[in-house]
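Tertiary structure, described
Here are the chains, one letter per residue:
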Amino acid sequence: MYRVPEAMRLLSLSRSVIYEQIRSGRLRTVTQGRTRLVPASAIAEYVALLESEASERKAA
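The sections below set out a description of the structure shown in this document. (Residues numbered from 1 in each chain as written. Predicted model: local features only at pLDDT ≥ 70, side-chain atom pairs only at ≥ 80, totals over all residues. Heavy atoms only, no water.)

Here we come to the nonpolar core. Counting 11 residues, the largest nonpolar core is built from Val4, Ala7, Met8, Leu11, Ile18, Ile22, Leu27, Val38, Ala42, Ile43 and Tyr46. In terms of residue count, helix α1 (residues 4-11) provides more of this core than any other element does, 4 residues in total. Excluding residues that lie within four positions of it along the chain, Ala42 makes contacts with Leu27 and Arg28. (Core = buried A, V, L, I, M, F, W, Y, C linked by side-chain atoms within 4.5 Å. Buried < 20%, exposed > 50% of the residue type's maximum accessible area, 1.4 Å probe, protein only. Helix = DSSP H or I, 4+ residues; strand = E, 2+ residues; numbered from the N terminus. Contact = heavy atoms within 4.5 Å.)

Next up, the structure:
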């Protein structure tokens, strides 16, 4: 599990983009108390989503 700042570094995205992706449902998170955590599996799913979107754009 990664805190948001760690997820930002892993994905090379800004804080606002991370929260935008969370709000849109593209990046899954869980909360533990007041802490929002991004599971490692959610990072992998998000990267796979980006890869599939990129390949769809190439095919079009």
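Having put the structure on the table, let's press on.
Let us now look at the pattern of salt bridges. Following the criterion strictly, the structure yields 2 salt bridges and no others. Residues Glu53 and Arg26 are paired through a salt bridge, measuring 2.7 Å at the closest nitrogen-oxygen approach. You can see Glu53 sitting in helix α3 (residues 40-59) and its partner Arg26 sitting in the loop between α2 (15-24) and β2 (30-32), a full 27 residues away along the chain. The class for Glu53 is partly exposed, based on a relative accessible area of 23%. A salt bridge links Arg28 to Glu45, with the nearest nitrogen and oxygen atoms 3.2 Å apart. (Salt bridge = Lys/Arg side-chain N within 4 Å of Asp/Glu carboxyl O.)

Below, the discussion takes up the sheet that holds strand β3 (residues 35-38). On the basis of which strands lie adjacent, the open sheet formed by 3 strands has the order β1-β3-β2 and antiparallel pairing. Both edges of this open sheet fall to β1 (2-3) and β2, since each of them pairs with a single strand only. When β1 meets β3, the two strands line up antiparallel, connected through 2 bridges. Bridge assignment links Arg3 to a residue of β3, and that residue is Leu37. (Pairing = 2+ DSSP bridges.)

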